[in-house]
Amino acid sequence: SHGLPAPEVLYVGEREEGKSLLVRKAEGILVRDFWEKNGFSLDSFLRSLTYFGGVIAKCHQIKFNAFGNVNQDGINPVFSDYSQRLRQLTSRHFQGEDKNTLGGYFSETEMDEISQFFGSAIRGMEGRFTVDKTPPCLVIYDLHSRNFFVDPNTGEVTGLFDLEFGQAAHPNLEIACVGLQLFGFFA
């Protein structure tokens, strides 16, 4: 567990979509509810982020030998260069069902422009973040305001859950997600 407040797994099941987990509910309240209880004060936000940063630091100390999804079977798919992993992650948004979803927000021209932007940025990263230069670490990735519990009085993180998007990645993936998912409350 590496000192992380991860839930106890009670049951692992198979479903058509993949594996499912039944986990024990963590103590505490959702961090968003903590902020609301404290009037969305900047103090409550910063207090909880201090604890949150400690948890993320523990996650980033856990190293892997490849980039990819973290699951009970290991890393899958496996990439040795972070740019390859990012290419795989971003490309799915520009094809199939994800493209149809994004297409509801962006025009075809805008979609092409966004795709070209990501493609150019990722090409610029090729060879810079490889397993031997920047070992992948545990990135929880999907940590939004309704995805982890905190102590209702202190804001200390008491439980992480909904970890199916766990990644062996460069830590910047965590920071990018946290910026989008949490900082918007207090921008």
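Anything mentioned here points back to the structure above.
Residues numbered from 1 in each chain as written. Predicted model: local features only at pLDDT ≥ 70, side-chain atom pairs only at ≥ 80, totals over all residues. Heavy atoms only, no water.

**What about the overall build of the protein?**
At step 1: A count of helices and strands for the protein gives 6 helices and 9 strands.
At step 2: With the C-alpha coordinates aligned to their principal axes, the bounding extent of the protein is approximately 45 × 35 × 35 Å.
At step 3: Burial status across the protein gives 34% buried among its 187 residues.
At step 4: Of the contacts formed within the protein by residues at least 6 apart in sequence, a portion of 67% connects residues at least 24 apart. (Helix = DSSP H or I, 4+ residues; strand = E, 2+ residues; numbered from the N terminus. Buried < 20%, exposed > 50% of the residue type's maximum accessible area, 1.4 Å probe, protein only. Contact = heavy atoms within 4.5 Å.)

**Here we look at the sheet that holds strand β9 (residues 167-169)**
At step 1: Read across the open sheet, the 4 strands follow the order β5-β4-β9-β6; overall the sheet is antiparallel. Either end of the sheet is taken by a strand with one partner, and the two such strands are β5 (74-75) and β6 (137-139).
At step 2: Judged from the 3 bridges that link them, β6 and β9 form a sheet pairing that is antiparallel. Residue pairing for β9: Val 139 is matched across the bridge by Gln 167. (Pairing = 2+ DSSP bridges.)

**Brief notes about the packing of helix α3 (residues 82-91) against helix α5 (residues 108-125)**
At step 1: Where α3 meets α5, the closest approach of the two axes is 8 Å, and the angle between their N-to-C directions is 165 degrees. In terms of their interaxial angle, α3 and α5 are classed as roughly antiparallel. Relative to α5, α3 is oriented so that their crossing is left-handed. Contacts between α3 and α5 involve Tyr 82, Ser 83, Leu 86, Arg 87 and Thr 90 from the former and Phe 118, Ile 122, Arg 123 and Met 125 from the latter.
At step 2: Residues belonging to the contact of α3 with α5 are distributed by class as follows: 5 nonpolar, 2 polar and 2 charged. (Axes fitted to C-alpha atoms, helices over the stretch in contact; angles between N-to-C directions. Parallel < 35°, antiparallel > 145°, perpendicular 65-115°, else oblique. Left-handed = near helix turned anticlockwise from the far one by under 90°. Nonpolar A, V, L, I, M, F, W, Y, C, P; charged D, E, K, R; others polar.)

From the geometry alone we can't say anything about function, so treat these as descriptive.
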